[in-house]
Amino acid sequence: MSQPFGGPEQVTFLIGGLGAGKTELALNLSVWNASQLGPGQAHLLDLDIINPFFRVRRLRADLEAAGVVLVTPDARVQNGDVPALPARVWGTFEQPGFPIVCDVGGGELGLRPLARLTDLAGKRPVQVLCVINPYRPGFQTPEQMVAAMRRYSELSALTITHLVANPHLAAETTPDVFWSGLERLRAVAERVQVPLAFAMMSDTLAATFGDRLVMSTAGTARAGGFATLDGMPVFVIRRFWEDPWHLGRKEEDAPPLGPTGA
Amino acid sequence: MADKVLMKGNEVIGEAAVLAGCRYYFGYPITPQSELPAYLARRLPEVEGVFLQAESEVAAINMVYGAASAGARVMTSSSSPGVSLKQEGLSYIAGAEMPCVVVNVVRGGPGLGNISPAQSDYWQATRGGGHGDYRTLVLAPNSVQEMADMTIAAFELADRFRNPVLLLVDGILGQMMEPVQLPAPTTYDINQKPWALGNPNPRKGGRNLCSTIFLDVEQLEEHNWHLYQKYQVVTDEFAKGAYKHLAVETHAVDDAEIVLVGYGIISRILKTVVEKARKRGIKAGLVRPKTLWPFPSQVLADLAAKTKQFLVVEMSCGQMVEDVKLAVDGKKPVFFFGRTGGTVPSDFEILNEVDKLVRPD
């Protein structure tokens, strides 16, 4: 795998369909960046104009405690469904010196705002990760996946540089579900000649692999971060919405964010 | 397992409607249910169906009235303020006894409220909502899988009783994603709807008429008592257990000293509360009404003889609690805990309430 993260100037756009796992990845990637670079460096841009509930702005306090700088719409419209982008987005791109992760929301309509940002982002090294969960409807066949990738590129005016595999069925994800979903995505990556950067995996599933999973930094699978599984690159994530009715709210027994061992 | 897909609640209602043979959808977008029309806008043309974004909710519900009168399986959906707009049409549809499915993905009210999840449309859903003496059946799923299964059931019940059926879900259920096994497709036979426009009616000069106008007072009274009798049949069939799988779920109630009552997403949280309470040595149980009208009163009435008290939890200031009190009929105290305005109560705060009731000192 090329190392697609962590360069100080790196802009990472996450694109993909509704419910592909873009926001989960954006959250975890930002927290991981912050754990590597220290507080005040990793920026997370909330460009979600679609999803009403499961968006990063609800986690502001947790993210800031983990050292992430969150750029999100004005507090007055935070809980609205107006398609407003935060004004600070433009300023954030102009300032040098830190990595930026851009989360977009809610499927194809949500990709449109990205087309406005490509000129600004073009001043920095850009990577465009397309997140696919092969268990989502409309992503079952290679043909469907390839067609979707083409649509996303057109809508966002961005060229996909990497695929990210996110094969899961929420709480019903077993190793079998993971491997068979991953297999289908490998075939797609081969077909479109876009490198598969890594596979996402929940900390719960990662823990079942024991010693086969080798974390890239000190710590356990539960703490999250980059790792290899039988030599394959994986990114272990915490699922913020495991019980969706908590809306990502931190509970009294929830672990703190970020790799504790790093 | 291999066949399962990961779907949003809003999406699965759309897919299940298609599987139920619904080929007509009329609606207007509103958060947090817009993924449902968005899904059907793409899906219905694939099965030669009609998706139409109407100019308003009022227009949409009247298009539903038209398609239902023609005998088609038809659906509309909205969220709270939009469902308020549909109430006039819903009253017409119930009055004319036309089967249809109406989905309300409930958000915070009153008025414009906000886009966050709520359960404050219980009264509107279960008391009719529009004008006149009428009832609608109301189903309240608590998982994405049940949203699929209950959507199919809603179409079957609508045809069976020639009545609108409401699917009442909160915003969280609409938005959240869970693995789901899609149900098998079902079909319906338009020839089994002799009342539908287009089917011959030998008695009425060869033509059917779908209408709610009864200028003659005796005729209207007769019609209203006819509707009343039909609602009695619905209530009786549910009470006799004809729809057991749809009516109510109980959990750990046999030895419960406190029975928690909640529907929809709250029932998922209450299940955790029951487990945590039992770990603390509190014998808690759960009653989850799956159908809100007809309300599963008998289960609560039976438990009133065994348990010490009830705690009703809702994402409202207290609406279903009235039905629980009617069912319990003063035999045991019925308490209420609610969060509103878009706040979902956590298992911790509910557990605290349970603690206070069980151990008042």
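Residues numbered from 1 in each chain as written. Chains lettered and ligands numbered in written order. Predicted model: local features only at pLDDT ≥ 70, side-chain atom pairs only at ≥ 80, totals over all residues. Heavy atoms only, no water.

### A few points about the overall build of chain B
Reasoning step 1: Each helix and strand counted, chain B has 14 helices and 14 strands in total.
Reasoning step 2: Relative to the compact-globule value of 21 Å for 361 residues, chain B shows a C-alpha radius of gyration of 21 Å, a close match.
Reasoning step 3: Summarising its shape, the C-alpha atoms of chain B cover approximately 75 × 50 × 40 Å along the three principal directions.
Reasoning step 4: Across the 361 residues in chain B, those meeting the buried criterion constitute 58%.
Reasoning step 5: Summarising the internal contacts of chain B: among those between residues at least 6 apart in sequence, 79% fall at separations of at least 24.
Reasoning step 6: A total accessible area of about 14500 Å² is found for chain B, and carbon and sulfur atoms account for 53% of it. (Helix = DSSP H or I, 4+ residues; strand = E, 2+ residues; numbered from the N terminus. Rg over C-alpha atoms; globule rule 2.2 N^0.38 Å. Buried < 20%, exposed > 50% of the residue type's maximum accessible area, 1.4 Å probe, protein only. Contact = heavy atoms within 4.5 Å. Areas by Shrake-Rupley, 256 points an atom, 1.4 Å probe, with all protein chains shown as cover.)

### Examining the interface of chain A and chain B
Reasoning step 1: Counting from both sides, the interface comprises 32 residues of chain A and, opposite them, 29 residues of chain B.
Reasoning step 2: With both chains or domains summed, chain A and chain B bury close to 2600 Å², and 65% of this area falls on carbon and sulfur atoms.
Reasoning step 3: Counting across the interface, chain A meets chain B through 2 salt bridges.
Reasoning step 4: Our count for the chain A to chain B interface comes out at 4 residue pairs in polar contact (both at pLDDT 80 or more).
Reasoning step 5: Along the lines of polarity and charge, the residues of the side of chain A that touches chain B split into 12 nonpolar, 9 polar and 11 charged. (Buried area = accessible area lost by both parts, 1.4 Å probe. Salt bridge = Lys/Arg side-chain N within 4 Å of Asp/Glu carboxyl O. Polar contact = N/O pair within 3.5 Å; in protein donor to acceptor, adjacent residues only side chain to side chain. Nonpolar A, V, L, I, M, F, W, Y, C, P; charged D, E, K, R; others polar.)

### Observations regarding the domain arrangement of chain B
All names here are of chain B.
Reasoning step 1: Taken domain by domain, chain B holds domain 1 (5–192) and domain 2 (246–358).
Reasoning step 2: Each of domain 1 and domain 2 was reduced to a C-alpha centroid, and the two centroids are 27 Å apart.
Reasoning step 3: Surface buried jointly by domain 1 and domain 2 totals about 2400 Å² across both partners, of which 54% is contributed by carbon and sulfur atoms.
Reasoning step 4: Considering only the side of domain 1, the residues that lose the most area to domain 2 are Gln119, Tyr122 and Asn142, jointly responsible for 31% of the buried surface there.
Reasoning step 5: Here domain 1 and domain 2 share 4 salt bridges between them.
Reasoning step 6: For arginine 288, the salt bridge identified is with glutamate 146, shortest N-O distance 2.7 Å.
Reasoning step 7: Inspection of the domain 1/domain 2 interface yields 16 residue pairs in polar contact (both at pLDDT 80 or more).
Reasoning step 8: Among the elements of the structure, α6 (122–126), β6 (137–139), α7 (144–161), β7 (164–170) and α8 (171–175) are those that each provide at least two residues to the side of domain 1 that touches domain 2.
Reasoning step 9: Of the residues forming the side of domain 1 that touches domain 2, the biggest block, 4 residues, is contributed by α7.
Reasoning step 10: Its residues assigned to classes, the side of domain 1 that touches domain 2 shows 16 nonpolar, 8 polar and 6 charged. (Domains from an automatic or database assignment.)

### Focus: the pairing of strand β10 (residues 232–237) of chain A
Residues and elements named next belong to chain A.
Reasoning step 1: Burial of β10 is extensive: 6 of the 6 residues sit out of reach of the surface.
Reasoning step 2: Where burial is concerned, the two faces of β10 agree: the one with Met232, Val234 and Val236 and the one with Pro233, Phe235 and Ile237 are both buried.
Reasoning step 3: Relative to β10, strand β7 (residues 196–202) runs parallel, the two sharing 4 bridges. Along β10, the bridge assignment pairs methionine 201 with valine 236.
Reasoning step 4: Judged from the 5 bridges that link them, strand β9 (residues 225–229) and β10 form a sheet pairing that is antiparallel. Considered in β10, the bridge of leucine 229 is made with methionine 232.
Reasoning step 5: The hairpin turn running from β9 into β10, its antiparallel successor, is 2 residues long, and aspartate 230 in that turn takes a positive phi close to 50 degrees. (Pairing = 2+ DSSP bridges.)

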